[in-house]
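Summary of structural features
Letter by letter, the chains look like this.
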Amino acid sequence: MNILQAQAFFDGASATLSGAKVVHSRKKLKELPGVFADSGAFARMDPETVVYEVDAHQEGEAQEGGLLFGISHVHPGKVGDEFFMTKGHYHALRNRAEYYWGLGGEGLLLLMQEDRSVRVERVCPGSLHYIPGNVAHRLVNTGLETLHVGACWPSDAGHDYQAITDAGFPARVVEKDGRAVVI
Ligand code: PA5
Ligand code: NI
């Protein structure tokens, strides 16, 4: 019997994912209007600044029972005093859960229930985060290095950004006296 090569390679130490079925995407500041509170600071920054990147391995079509695997890389930086972060989303199929785990850098994971109550977990190398269904999630890089976070989620989950675009998260992460604080 032929022994096949793996389709993709994941290196936790360097937080890299490679292979034919790995799709790379990047989110620039100009694609994140309204996400950060300080619109003046946002307007003064280079709109081409890359805020975060995602590598995702997709094996086949989205389907019930399928899985996706990825790494998010959130760059260090701030808009005004607010740390770089992902857009954040609920899953389009609300009951779909997800795992995140810290690979490098330091940050926070904001978790918001549909009643808008928020929980914040510290993300660091080795940290594991279970994100239940019906919970919106957003990563914030509070460090000086890139925050690398692994993720595994159902392939039919989808992303619902609208609820976040409409109302945002009730908690923001800003630098105050050299420290990351949640306000
Ligand atoms: O599936 C996830 O939750 C992650 O892969 C995110 O999509 C990734 O961190 C990018 O964040 P967002 O989708 O909120 O832009
Ligand atoms: Ni998700």
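This is a predicted model, so every value here is computed, not measured.

1. Some remarks on the pattern of salt bridges
- This model, assessed by the stated rule, comprises 10 salt bridges.
- For Arg26, the salt bridge identified is with Glu53, shortest N-O distance 3.8 Å. With Arg26 in strand 3 (residues 22-28) and Glu53 in strand 4 (residues 50-57), the pair connects residues that are 27 residues apart, well separated along the chain.
- A salt bridge links Arg94 to Glu114, with the nearest nitrogen and oxygen atoms 2.8 Å apart.

2. Topic: the packing of aromatic side chains
- Under the defined criterion, the tally for this structure stands at 4 aromatic pairs.
- Considering the side-chain rings of Phe36 and Phe84, the 6.3 Å spacing of their centres and the 50 degrees angle between planes classify their relative orientation as tilted. Placement of the pair is Phe36 in the loop between strand 3 and helix 1 (39-44) and Phe84 in the loop between strand 7 (82-83) and strand 8 (98-104), with a sequence separation of 48 residues.
- In this structure Phe36 comes out as buried when scored by relative accessible area, which is 5%.
- Owing to a relative accessible area of 3%, Phe84 belongs among the buried residues under this scheme.
- A centroid spacing of 5.6 Å and a plane angle of 55 degrees characterise the contact between Phe69 and Trp101, whose relative ring orientation is tilted. Residue Phe69 is found in strand 5 (residues 67-74), and its partner Trp101 is found in strand 8; the two are separated by 32 residues along the sequence.
- Through a chain of ring-to-ring contacts, the aromatic side chains of Phe10, Phe69 and Trp101 assemble into a single cluster.
- The cationic tip of Lys87 hangs over the ring face of Tyr161; the distance from NZ or CZ to the ring centre is 4.6 Å.

3. Focus on the nonpolar core
- Counting residues in hydrophobic clusters, the biggest one holds 35 residues, and the most contacted among them are Phe36, Tyr100, Leu109, Leu139 and Val140.
- Those elements that provide at least two residues to this core are strand 4, strand 5, strand 9 (107-113), strand 12 (135-141) and strand 13 (147-154).
- Setting aside anything within four residues of it in sequence, one finds Leu109 in contact with Tyr100, Arg119, Val120, Glu121, Val123, His129, Ile131, His137, Arg138 and Leu139.

4. Some details on the coordination of the nickel ion (ligand 2)
- Donor atoms from the polypeptide that coordinate the nickel ion (ligand 2) comprise His89 (NE2), His91 (NE2), Glu98 (OE) and His137 (NE2), at 2.1 to 2.3 Å from the metal.
- Taken in chain order, the donor set of the nickel ion (ligand 2) reads H-x1-H-x6-E-x38-H.
- Exposure remark for His91: the relative accessible area of 3% places this residue in the buried category.

5. A look at the site of ligand 1
- Taken together, 13 residues surround ligand 1, and among them Tyr52, Ser72, Gly88, Tyr100 and Tyr161 come closest.
- One of the side-chain N or O atoms of Ser72 is found 2.7 Å from an oxygen atom in ligand 1.
- Gly88 has a polar backbone atom sitting 2.8 Å from an oxygen atom of ligand 1.
- Against a free-state accessible area of 370 Å², the protein chains account for coverage of 95% of ligand 1.
- Taken together, the elements giving at least two residues each to the shell around ligand 1 come down to strand 4 and strand 8.

6. Brief notes about the state of the cysteines
- A full pass over the atoms with the stated rule returns 0 disulfides.
- Cysteine Cys124 is unpaired, with the sulfur of Cys152 as its nearest cysteine sulfur at 20 Å.
- A relative accessible area of 34% places Cys124 in the partly exposed class.
- Cys152 gets classed as partly exposed once you look at its relative accessible area, which sits at 22%.

7. Overview of the sheet that holds strand 13
- Spatially, 6 strands are ordered 3-4-5-13-8-11 in an open sheet, and the strand pairing comes out antiparallel. A strand with exactly one partner marks an edge of an open sheet, and here the two such strands are strand 3 and strand 11 (128-131). Looking at each pair of strands side by side, their axes are set apart by 20 degrees on average, direction ignored.
- The pairing of strand 3 with strand 4 spans 7 bridges and is classified as antiparallel. By the bridge assignment, Ser25 is partnered in strand 4 with Val54.

Calculation notes
Residues numbered from 1 in each chain as written. Chains lettered and ligands numbered in written order. Predicted model: local features only at pLDDT ≥ 70, side-chain atom pairs only at ≥ 80, totals over all residues. Heavy atoms only, no water. Salt bridge = Lys/Arg side-chain N within 4 Å of Asp/Glu carboxyl O. Helix = DSSP H or I, 4+ residues; strand = E, 2+ residues; numbered from the N terminus. Phe/Tyr/Trp six-rings, centres within 6.5 Å; stacked < 30°, edge-to-face > 60°. Buried < 20%, exposed > 50% of the residue type's maximum accessible area, 1.4 Å probe, protein only. Lys NZ or Arg CZ within 6 Å of the ring centre and 35° of its normal. Core = buried A, V, L, I, M, F, W, Y, C linked by side-chain atoms within 4.5 Å. Contact = heavy atoms within 4.5 Å. Donors = N, O, S within 2.8 Å, 3.2 Å for Na, K, Ca; no water. Near = heavy atom within 4 Å. Polar contact = N/O pair within 3.5 Å; in protein donor to acceptor, adjacent residues only side chain to side chain. Areas by Shrake-Rupley, 256 points an atom, 1.4 Å probe, with all protein chains shown as cover. Disulfide = S-S within 2.5 Å. Pairing = 2+ DSSP bridges. Axes fitted to C-alpha atoms, helices over the stretch in contact; angles between N-to-C directions.

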